[in-house]
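# Summary of structural features
Listed below, chain by chain, are the residues.
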Amino acid sequence: MMIAGTQYYRPPTPPPEEHEGDLARIREMGFDSIRVWLSWGWHEVRKGEVIWDDMDRLFGIAQQNGLQEVINLQLEIPPAWFHPENILTGPAGVIRRSHFLGTRVPCFDATQNRLAAEPFIRAAGRHYSNHPALLAWDAWNEPHARDECLCAASRDSFTTWLKDTYGDVAAFNRLFGKRFTAFDEVPMAGYGNEYSEQLNYRLWAAHSVASRVRWAADRLRGEDPHHPITSHSMYCSVGQAMLDRTSVCALTAKTVDFYGLSMPLPYDNVAGSRSCRVPADQ
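A brief report on the enclosed structure follows. In this text the structure is predicted, and so the values were computed from the model without any measurement.

Take the layout of surface pockets next. In this structure, the largest pocket occupies an estimated 920 Å³ of space. Around the largest pocket, the lining is made up of 36 residues, and of these Arg35, Val70, Asp138, Thr230 and His232 lie nearest the centre. For the lining of the largest pocket, the secondary structure elements donating two or more residues are strand E1 (5-9), strand E2 (33-39), strand E5 (68-74), strand E6 (134-141), strand E7 (229-233) and strand E8 (258-261). Of the residues belonging to the lining of the largest pocket, the class tally is 14 nonpolar, 13 polar and nine charged. Each pocket or cavity is described by its volume, and for the second largest pocket that value is around 170 Å³. Those elements giving two or more residues to the lining of the second largest pocket turn out to be helix H5 (152-166) and helix H7 (195-223). Residue composition of the lining of the second largest pocket, by class: two nonpolar, five polar and three charged.

Summarising burial for E2: seven of the seven residues are buried, a large majority. Here E2 shows no split at all, with Ser33, Arg35, Trp37 and Ser39 on one side and Ile34, Val36 and Leu38 on the other all buried. Note on the crossover from E1 through helix H1 (residues 19-28) to E2: the handedness is right-handed. Taken together, the seven bridges between E2 and E5 define a ladder with parallel strand orientation. Paired with Leu38 across the two strands is Leu73, which belongs to E5.

The rules behind each value
Think of each chain on its own: its residues are numbered from 1, step by step along the sequence as written. Given that the model is predicted, a residue must reach a pLDDT of at least 70 before its local features are reported, and side-chain atom pairs must reach 80 or more before they are shown or counted; all residues, however, enter totals for whole chains, interfaces and linings. Think of the side-chain values as coming from all heavy atoms in the structure, minus any hydrogens and water. With a 1 Å grid laid over protein atoms only, a set of points is called a cavity when a 1.4 Å probe fits there but cannot get out and a pocket when it is open yet has protein on both sides within 12 Å along at least five of seven lines; lining residues have an atom within 4 Å of a point. Grid points are joined across faces, edges and corners, and a volume is the space filled by probe spheres set on the points. The secondary structure listing takes helices from DSSP runs of H or I that are at least 4 residues long and strands from runs of E that are at least 2 residues long, numbered from the N terminus. Gly is placed with the polar residues, together with every amino acid not listed as nonpolar (Ala, Val, Leu, Ile, Met, Phe, Trp, Tyr, Cys and Pro) or charged (Asp, Glu, Lys and Arg). Summary of the burial criterion: residues with accessible area below 20% of their type's maximum are buried, those above 50% are exposed, and those between are partly exposed, where the area comes from a 1.4 Å probe applied to protein chains only. A crossover gets the label right-handed when its path from the first strand over the helix to the second runs clockwise, viewed with the strands pointing away from the viewer. Each pair of strands is called paired provided DSSP finds at least two bridges between the two strands.

Note that all results are geometric; they support no functional claim without further evidence.
See below:
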């Protein structure tokens, strides 16, 4: 079965007054589906109070036009009322802010952040699981290890991963030529650090990414066992900048029913991009 769709709704755009005309034209152009963002911070405006009005209306318009929808959960757009203790914070202390709302992005290595988002995931699964216009779920939008989070929850997760991967610190030292006495001494190394430490940090980051996608997908499956669950990276693992947006497709793909890519290559490798343009006189 071939599905031809387009991304359409990222709240608050396009505005509601444009939905009917847009979806009618999308259908006229031969598309059969749209992909929409279901943003935690946009829809759960108060804790425990989820407003579905705009999405319900959009589902109704889609159904009238013979379109189906893929719901993309946007947990990295948290609500303003949520003040996470663990937030995505890079080595320079830069705090990552969410699209549109500008709220602080939680680090989902932290159990308390997952627990805070879980009711929204489950509520969404229950609310739309039986809607005839639902085609599939996208559990996570472009899951990558962004901004090299160095919060306490990530530190604990990294230390646990080292223990699970290498067994004991003596074996780690022999392999990498180190003199650590415990795994919690191993630096969470990003830019400008020793190569083996960068390698281990990024390998852990890829497993962390797969873990958070599996967590979200499992919560959706618990409420909707019938519709497929997908996820997608920005571009394939081979083309990723190792110290920037790490994920490993082979790991993350195991967490969902279908897995894909936003584009085959990074921006700078796509013909016609700024760094690849051929001068006009050549």
